[in-house]
Amino acid sequence: MSTKQSAKRSLNGKVLLVCGGAGFIGSNFIHHIFEKYPKVRIINFDKLTYSGNTDNVRDFVKDARYTFVRGDIADQKKVTAVFKKYQPDYVINFAAETHVDRSIHVGSLEFINTNIVGVFNLLEAVKVGGTVQSFVQVSTDEVYGSLALDSEDKFSEHTAFAPNVPYAATKAGGDMLCRAYHNTWGVPVVVTHCSNNYGPRQYPEKLIPFFVLRMLEGKTLPLYGDGNHVRDWVYVLDHCKALELCLLNGKPGTVYNIGADNEMNNREIADRILKYFGKGKDMIEFVAERPGHDRRYAIDASLIMKDFGWKPEYLFDQAFADTVKWYTQNRKWIERVRRKTGVFNPHIDLWEGHKNKK
Ligand code: NAD
Ligand code: TYD
């Protein structure tokens with residue numbers, strides 16, 4: 001690792017409040033931080049929604065450095081109490097409603113509560129508490145909307161927000177509040193926009209784990225529309241390392257885009273999964289287009305590379321194969337998620353129900 005990529009400050013001896021640390025990226029972040037900073041204290045504040053899973057952080061249950069607090073960031077009293085009790089030095093927010101399909105087909109109110117009201121509560125608590133040196137709001141490239149397939153454009157930190165689905169609109173709302181709280185009150189917040197992550201412990205409603213589970217069940221892979229939609233895939237640990245740098249080195253009020261320059265369309269992802277399982281293209285089913293479906297995401301990550309010397313370290317071929325393998329080898333994790341939540345992707349279940357009736 002280059003010296004430039006090292007964090008300027010250390011989390012040893014500090015209290016880190018992680019909101020949403022029982023989810024996919026948050027739990028990978030907690031693993032990364034405990035490994036790197038053996039003397040950090042982590043408070044994991046999580047509501048345990050359908051995607052929150054205590055199995056993701058079970059390694060730390062008996063660890064004196066780790067405290068789990070069940071609670072909702074949209075509950076201002078609870079947020080205030082947590083800040084008062086633990087007096088965090090650093091805060092990072094992964095807590096969010098995160099699935100585009102649910103924001104369309106299940107409802108948007110929870111997205112507004114968590115992704116906007118919840119972020120407001122955290123900003124207020126940071127502002128009033130006065131102990132926090134740095135707060136990172138983890139956001140998404142989806143706030144920028146969609147790029148054309150035939151263009152070379154990428155999202156930079158200066159691209160205007162143009163969200164197309166309720167999930168993205170609520171994340172943009174939270175990001176706007178961060179900007180305002182920094183400019184108005186000097187709240188030390190850094191906002192990050194990363195593209196699609198892949199890796200272990202992702203709730204299996206998202207493309208890669210969902211397709212792997214369907215293969216394990218002998219089911220077809222449902223591609224929305226023509227399947228040519230492009231995402232810029234980042235391995236989750238590369239994202240976590242970028243977030244660590246933003247938390248420890250980031251100048252308050254700065255925005256960083258994070259991406260791996262790894263554009264791939266959904267057909268290519270499906271093909272790779274089919275190849276892994278030795279299956280043919282006849283296992284792909286093209287289904288109705290997702291409303292508001294963004295065509296292409298691509299990230300210009302030159303600012304975080306320049307400022308912190310960050311760059312993605314994981315090679316897609318290997319990290320993708322390791323990710324697929326992780327789901328095939330962690331059947332217990334899958335079965336416990338299934339028992340707890342029942343349906344992974346309600347939208348596809350509905351489609352399958354209709355199909356099977358015909
Ligand atoms: P996830 O759905 O796996 O986890 C979200 C976690 O937040 C869960 O543990 C859940 O219980 C918790 N949570 C939800 N609402 C809460 C509330 N009101 N109060 C407290 N906890 C609550 O999500 P993820 O994929 O790990 O995403 C984490 C963050 O990263 C999100 O903000 C998301 O927008 C952003 N992001 C995700 C990706 C991706 O590809 N997954 C890419 C870029 C950005
Ligand atoms: P998803 O994992 O839901 O992430 P996001 O919508 O936040 O990018 O979807 C990734 C891509 O895969 C997106 O273009 C939608 C597509 N997709 C399918 O074609 N079929 C599916 O069953 C799912 C879940 C996603």
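Note that the structure is a prediction, hence the values are computed from the model and not measured. (Residues numbered from 1 in each chain as written. Chains lettered and ligands numbered in written order. Predicted model: local features only at pLDDT ≥ 70, side-chain atom pairs only at ≥ 80, totals over all residues. Heavy atoms only, no water.)

Trainee: Describe in detail the packing of helix α10 (residues 316-329) against helix α11 (residues 331-341), supporting the description with residues and values.
Mentor: The contact between α10 and α11 brings their axes to 5 Å, and the two run at 70°. Judged by the inter-axis angle, α10 sits roughly perpendicular to α11. Every residue of α11 that contacts α10 at W326, Y327, T328 and Q329 is listed here: R331, W333 and I334. Partitioned by chemical class, the residues of the contact of α10 with α11 number four nonpolar, two polar and one charged. (Axes fitted to C-alpha atoms, helices over the stretch in contact; angles between N-to-C directions. Helix = DSSP H or I, 4+ residues; strand = E, 2+ residues; numbered from the N terminus. Parallel < 35°, antiparallel > 145°, perpendicular 65-115°, else oblique. Contact = heavy atoms within 4.5 Å. Nonpolar A, V, L, I, M, F, W, Y, C, P; charged D, E, K, R; others polar.)

Trainee: Got a sec to walk through unusual backbone geometry? Specific residues and values, please.
Mentor: Unlike most non-glycine residues, Q87 shows phi in positive territory, near 45°. For Q87, the position within the fold is in the loop between α2 (76-86) and β4 (90-93). In this structure, R201 takes a positive phi of about 70° despite not being glycine. Examined against the element boundaries, R201 turns out to sit in the loop between β7 (197-198) and α6 (207-216). Classification of R201 as buried rests on a relative accessible area of 17%. (Buried < 20%, exposed > 50% of the residue type's maximum accessible area, 1.4 Å probe, protein only.)

Trainee: So, the environment of A180: which residues are in play, and what are the values?
Mentor: Topologically, A180 is positioned in helix α5 (residues 166-185). Given a relative accessible area of 34%, A180 falls into the partly exposed group. C-alpha separation for the pair A180 and H31, spaced 149 residues apart in sequence, amounts to 32 Å.

Trainee: Talk me through the nonpolar core; I want residue IDs and the actual numbers.
Mentor: Within soluble globular proteins, side chains that are nonpolar tend to cluster in buried spots. L11, L16, F29, I42, I92 and I304 are the most contacted members of the largest nonpolar core, which has 79 residues in total. If you tally residues by element for this core, the top one is helix α7 (residues 236-249), at eight residues. By size, the runner-up hydrophobic cluster in this structure holds 25 residues, among which are C19, I43, V82 and L122. (Core = buried A, V, L, I, M, F, W, Y, C linked by side-chain atoms within 4.5 Å.)

Trainee: Mind laying out the site of ligand 1, listing which residues take part and the relevant values?
Mentor: Lining the immediate environment of ligand 1, one finds 29 residues, of which D46, S51, D72, Y167 and K171 sit closest. A distance of 3.2 Å separates an oxygen atom of ligand 1 from a polar atom in the backbone of V138. At a separation of 2.9 Å, an oxygen atom of ligand 1 approaches a polar backbone atom of N197. Look at ligand 1: alone it shows 840 Å² of surface, and the protein chains cover 97% of it. Contributions of two or more residues to the shell around ligand 1 are made by α1 (24-36), β5 (134-140) and α5. It is β5 that contributes the most residues to the shell around ligand 1, three residues altogether. Of the residues assigned to the shell around ligand 1, the class counts are 11 nonpolar, 14 polar and four charged. (Near = heavy atom within 4 Å. Polar contact = N/O pair within 3.5 Å; in protein donor to acceptor, adjacent residues only side chain to side chain. Areas by Shrake-Rupley, 256 points an atom, 1.4 Å probe, with all protein chains shown as cover.)

Trainee: If you had to explain the packing of aromatic side chains to someone new, which residues and values would you point to?
Mentor: Applying the stated criterion across every chain yields a total of 22 aromatic pairs. Ring geometry for F210 and F211: centres 6.3 Å apart, planes at 35°, overall tilted. Each of the two residues, F210 as well as F211, counts as buried. Ring geometry for W326 and Y327: centres 5.0 Å apart, planes at 80°, overall edge-to-face. The same class applies to W326 and to Y327, which are both buried. (Phe/Tyr/Trp six-rings, centres within 6.5 Å; stacked < 30°, edge-to-face > 60°.)

Trainee: Lay out the site of ligand 2 with the relevant residues and their values.
Mentor: In the vicinity of ligand 2 there are 19 residues, among which E142, P222, R231, R290 and H293 approach most closely. Between an oxygen atom of ligand 2 and a side-chain N or O atom of E142, the distance comes to 2.5 Å. Here an oxygen atom of ligand 2 and a side-chain polar atom of R231 are 2.8 Å apart. Its free accessible area being 510 Å², ligand 2 has 98% of it covered by the protein chains. For the shell around ligand 2, the secondary-structure elements that each account for two or more residues are α6 and β8 (221-224).

Trainee: Which residues make up the pattern of salt bridges, and what are the values?
Mentor: The final tally for this structure, using the stated rule, is 20 salt bridges. When the shortest N-O distance is used, the salt bridge between E244 and K36 registers 2.7 Å. Of this pair, E244 sits in helix α7 while K36 sits in helix α1, placing them 208 residues apart in sequence. Given the relative accessible area of 3%, E244 is considered buried. Overall, K36 belongs to the partly exposed group, its relative accessible area being 34%. Note that D271 is salt-bridged to K281, the shortest N-O span being 3.0 Å. On the criterion of sequence distance, the pair formed by D271 in helix α8 (residues 266-276) and K281 in the loop between α8 and β13 (284-287) is long-range, its members being 10 residues apart. A relative accessible area of 59% means that K281 is categorised as exposed. Put simply, E217, K219, E335 and R338 are held in one network by salt bridges that share partners. (Salt bridge = Lys/Arg side-chain N within 4 Å of Asp/Glu carboxyl O.)

Trainee: Break down empty space enclosed by the protein for me, with residues and values.
Mentor: Enumeration over the complete set of coordinates arrives at two cavities of 30 Å³ or more. If you add up the space inside the second largest cavity, you get close to 50 Å³. In this structure, the second largest cavity is lined by Y50, S51, G52, N53, N56, R201, Y203, W333, V337, K340 and T341. Broken down by class, the residue content of the lining of the second largest cavity amounts to four nonpolar, five polar and two charged. (1 Å grid on protein atoms, 1.4 Å probe; cavity = no way out; pocket = protein on both sides within 12 Å on 5 of 7 lines; lining within 4 Å. Points joined across faces, edges and corners; volume = space filled by probe spheres on them.)

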